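For reference, the chains in residue letters:
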Amino acid sequence: QVQLVESGGGLVQVGGSLTLSCAASGRTFSTYAMGWFRQAPGKDREFVASITASGGATYYVASVKGRFTISRDNAKNTGYLQMDSLKPEDTAVYYCAASPAGAFTTSRLYNYWGQGTQVTVSS
């Protein structure tokens, strides 16, 4: 089993930056792909970004390409999502997730989830 805890959410102005962290338990974190998803009020959970277990490949939803960067530090059992040039439409609860199989873009294919952290981008 893998336990995940997100942190780093908060309130930021349009155009600002925020970095989210996802702390994972267990010695096998380095074998899991990691993904970030977000959910705004009244909307479905949306794929944001994912990274392979080794960190060798990353994937992003089109709306965040060039603005968000997913990364991981396996020695620290921690994943990150750096968010730059934030927009009001980025406002959502952000969740990190882990998959033992691959860096999927579909939420149902992830086995483990964090509790979520709120990101609010104000105008």
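Every residue gets a number counted from 1 within its own chain, in the order that chain's sequence is written. Reporting of local features is limited, given that this is a predicted model, to residues whose pLDDT is at least 70; pairs of side-chain atoms are given and counted only at 80 or more, and all residues count toward the totals for whole chains, interfaces and linings. Side-chain numbers come from the whole structure's heavy atoms, not from hydrogens or water.

(A) Expanded view of the sheet that holds strand S8 (residues 78–83). Any two strands between which DSSP finds at least two bridges are classified as paired. By definition, any uninterrupted DSSP run of H or I lasting at least four residues is a helix, any uninterrupted run of E lasting at least two residues is a strand, and each is numbered from the N terminus. Reading across from one edge, S1-S3-S8-S7 is the order of the four strands in this open sheet, with antiparallel pairing throughout. Where the open sheet ends on each side, the last strands, each with one partner, are strand S1 (4–7) and strand S7 (68–73). Taking the axes of each pair of neighbouring strands and ignoring which way they run, one obtains an average angle of 15 degrees across the sheet. Bridging between S1 and strand S3 (residues 18–24) involves four bridges; their strand directions are antiparallel. Its bridge partner being in S3, Leu4 is matched across the sheet by Ala24. In this analysis, axes come from line fits to C-alpha atoms, helices being fitted only over the stretch in contact, and the angle between any two N-to-C directions falls in the range 0 to 180 degrees.

(B) Spotlight on the side chain of Arg38. Mapped onto the secondary structure, Arg38 falls in strand S4 (residues 33–39). Judged by relative accessible area, which is 7%, Arg38 ranks as buried. We call two N or O atoms a polar contact when they sit within 3.5 Å, provided that within protein one can donate a hydrogen and the other can accept it, with sequence-adjacent residues counted only if both atoms are side-chain atoms. Here Asp90 takes part through its side chain, which lies 2.9 Å from a polar atom of the side chain of Arg38. There is a polar contact of 2.9 Å between the side chain of Arg38 and the side chain of Tyr94. Whether a residue is buried, partly exposed or exposed follows from its accessible area with a 1.4 Å probe, protein chains only, as a fraction of its type maximum: under 20%, in between, or over 50%, in that order.

(C) Spatial organisation of the packing of aromatic side chains. The aromatic pairing rule takes the rings of Phe, Tyr and Trp, using the six-membered ring of Trp, and pairs them if the centres are within 6.5 Å, calling planes under 30 degrees apart stacked, those over 60 edge-to-face and the rest tilted. The final tally for this structure, using the stated rule, is six aromatic pairs. Centre to centre, the rings of Tyr32 and Tyr112 are 5.9 Å apart; their planes meet at 65 degrees, and the pair counts as edge-to-face. Here Tyr32 is found in the loop between S3 and S4, whereas its partner Tyr112 is found in strand S10 (residues 112–113), with 80 residues between them in sequence. By relative accessible area, which is 11% here, Tyr32 ends up buried.

(D) Spatial organisation of the nonpolar core. Throughout this description, the term nonpolar core refers to a set of buried Ala, Val, Leu, Ile, Met, Phe, Trp, Tyr and Cys residues connected via side-chain atoms within 4.5 Å. By size, the foremost hydrophobic cluster in this structure holds 28 residues, and its most contacted members are Trp36, Val48, Phe68, Ile70, Leu81, Met83 and Tyr94. Going through the elements one at a time, S3, S4, strand S5 (46–51), S7, S8, strand S9 (92–99) and strand S11 (117–122) are the ones with two or more residues in this core.

(E) Representation of the pairing of S7 in the model. Here S7 shows a clear split, with Phe68, Ile70 and Arg72 buried on one side and none of Thr69, Ser71 and Asp73 buried on the other. Of the pairings in the sheet, the one linking S7 to S8 comprises six bridges and is antiparallel in character. Pairing of Ile70 across the sheet is with Leu81, part of S8. Counting the residues in the hairpin turn of S7 and S8 gives four residues, including Asn77, whose phi is positive at 55 degrees.

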